[in-house]
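# Coordinate analysis (summary)
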Amino acid sequence: MAKVYVFDHPLIQHKLTYIRQKDTGTKEFRELVDEIATLMAFEATRDLPLDEIEIETPVSKTKSKVLSGKKLGVVPILRAGIGMVDGILKLIPAAKVGHVGLYRDPKTLKPVEYYVKLPNDVEERDFFVVDPMLATGGSAVEAINSLKNRGAKNITFMCLIAAPEGVEVLKNAHPDVDIYIAALDEKLNEKGYIVPGLGDAGDRLFGTK
Ligand code: PRP
Ligand code: URA
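Residues numbered from 1 in each chain as written. Chains lettered and ligands numbered in written order. Predicted model: local features only at pLDDT ≥ 70, side-chain atom pairs only at ≥ 80, totals over all residues. Heavy atoms only, no water.

Within helix H5 (residues 164-173) the residues assigned to the buried category are Gly166, Val167, Leu170 and Lys171. End-on view of H5: buried residues confined to an arc of 130 degrees, all on one side of the axis. (Buried < 20%, exposed > 50% of the residue type's maximum accessible area, 1.4 Å probe, protein only. Helix = DSSP H or I, 4+ residues; strand = E, 2+ residues; numbered from the N terminus. Arc of directions from axis to C-beta.)

In this structure the tally under the stated criterion is 13 salt bridges. In this structure, Arg46 and Glu43 form a salt bridge, with 3.4 Å as the shortest nitrogen-oxygen distance. What makes Arg46 exposed here is its relative accessible area of 59%. Residue Asp121 is joined to Arg125 by a salt bridge in which the shortest nitrogen-to-oxygen separation is 2.9 Å. Each member of the pair Asp121 and Arg125 is classed as buried. By sharing partners, the salt bridges in this structure join Lys71, Asp121, Glu124 and Arg125 into a single network. (Salt bridge = Lys/Arg side-chain N within 4 Å of Asp/Glu carboxyl O.)

Take the UniProt feature "domain: Phosphoribosyltransferase" (unreviewed entry) in the chain next. Under the UniProt annotation, the feature "domain: Phosphoribosyltransferase" (unreviewed entry) is placed at residues 6-208. Structurally, residues 6-208 comprises 33% helix and 32% strand, and the distance from its first C-alpha atom to its last is 29 Å. (UniProt positions renumbered as here; feature names shortened; annotations may be inferred.)

Any two packed helices are characterised by how steeply their axes cross, that is the angle between the axes, and by the distance between the axes. Where helix H2 (residues 26-44) contacts helix H3 (residues 82-89), the axes come no closer than 7 Å and their chain directions differ by 50 degrees. It follows from the interaxial angle that H2 and H3 lie oblique. In terms of crossing hand, the pair formed by H2 and H3 is right-handed. Taking contact as the criterion, the partners of Val33, Asp34, Ala37, Thr38 and Ala41 in H2 are, on H3, Gly83, Met84, Asp86, Gly87 and Ile88. Looking at the contact of H2 with H3 residue by residue, the class counts come to 5 nonpolar, 3 polar and 2 charged. (Axes fitted to C-alpha atoms, helices over the stretch in contact; angles between N-to-C directions. Parallel < 35°, antiparallel > 145°, perpendicular 65-115°, else oblique. Left-handed = near helix turned anticlockwise from the far one by under 90°. Contact = heavy atoms within 4.5 Å. Nonpolar A, V, L, I, M, F, W, Y, C, P; charged D, E, K, R; others polar.)

Taken together, Arg104, Met133, Ala135, Gly192, Tyr193, Ile194, Gly199, Asp200 and Ala201 are the residues near ligand 2. For ligand 2, a nitrogen atom lies 2.8 Å from a polar atom in the backbone of Gly199. Ala201 is positioned such that a nitrogen or oxygen atom in its backbone is 2.8 Å from an oxygen atom of ligand 2. Its free accessible area being 240 Å², ligand 2 has 88% of it covered by the protein chains. Of the residues in the shell around ligand 2, the class split is 5 nonpolar, 2 polar and 2 charged. (Near = heavy atom within 4 Å. Polar contact = N/O pair within 3.5 Å; in protein donor to acceptor, adjacent residues only side chain to side chain. Areas by Shrake-Rupley, 256 points an atom, 1.4 Å probe, with all protein chains shown as cover.)

Around ligand 1, 15 residues are found, and the nearest of them are Arg104, Asp131, Ala135, Thr136 and Ser139. In the environment of ligand 1, an oxygen atom lies 3.2 Å from a nitrogen or oxygen atom belonging to the backbone of Ala80. For ligand 1, an oxygen atom lies 2.4 Å from a polar atom in the side chain of Asp131. A total of 500 Å² of accessible area belongs to ligand 1 in isolation, and the protein chains cover 90% of it. Where the shell around ligand 1 is concerned, the elements lending two or more residues are strand E6 (99-104), strand E9 (133-134) and helix H4 (138-149). Residue composition of the shell around ligand 1, grouped by class: 6 nonpolar, 5 polar and 4 charged.

A few words on the packing of aromatic side chains. Scanning all chains against the criterion turns up 3 aromatic pairs. Between Tyr5 and Tyr180, the aromatic rings sit 5.0 Å apart at their centres with planes inclined by 40 degrees, giving tilted as the arrangement. Placement of Tyr5 in strand E1 (residues 4-6) and of Tyr180 in strand E11 (residues 178-184) is noted, with a sequence separation of 175 residues between them. Judged by its relative accessible area of 32%, Tyr5 is partly exposed. Taking relative accessible area as the criterion, Tyr180 reaches 10% and is therefore assigned buried. An aromatic cluster of three or more residues is present, and its members are Tyr5, Phe7 and Tyr180. Here the basic side chain of Arg104 rests over the ring of Tyr193, its NZ or CZ set 5.8 Å away from the ring centre. (Phe/Tyr/Trp six-rings, centres within 6.5 Å; stacked < 30°, edge-to-face > 60°. Lys NZ or Arg CZ within 6 Å of the ring centre and 35° of its normal.)

See below:
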């Protein structure tokens, strides 16, 4: 069964408070999403495999650890997921970046796919699918379906704010996918927005609306 991790690190919680506030402007919102994504990536990469190599310090020979070179991929769900990519790449710069374009139909709240581009060696990579918001869960489920249909085997989902409803939907649809969340909120409202949430992540990130 999928594991759900809520990152309660004080730095993450502090920055989240500012992105939630309605008067936080686009520039600050974007910077904070980037910083939170870096902090989340630090936690989410805790189990990356290591190799031991021989090195020589100015004092002696010794054995020391380096990353074993596991192939990684980051896949933002367009648009808002883009805001998390650079923050993650700061820590794992060799990761390849794929894109899945989805928007939520405002009437049905169902995701509509309009773009998919993934690295060629999709079967060999471990992927982080990223989106600031997990609301009904439809977009995350569909994006992960898209990756799996193209051969991806090992996927983790990472978001800033999740509604309990979305977590349940994602866990049930993809029990093999672990979920990393910065904050688990109260509920969805009648329009499918997370309460208290932060509003429309894409609009706040890109200054649209
Ligand atoms: C938002 C958000 C997620 C989705 C979450 O995207 O960035 O992708 O809604 O909702 P769900 O869990 O109910 O599917 P939106 O559809 O507004 O598109 P955008 O990022 O292009 O603004
Ligand atoms: N998408 C958003 O951007 N915000 C929400 O609260 C729900 C879906």
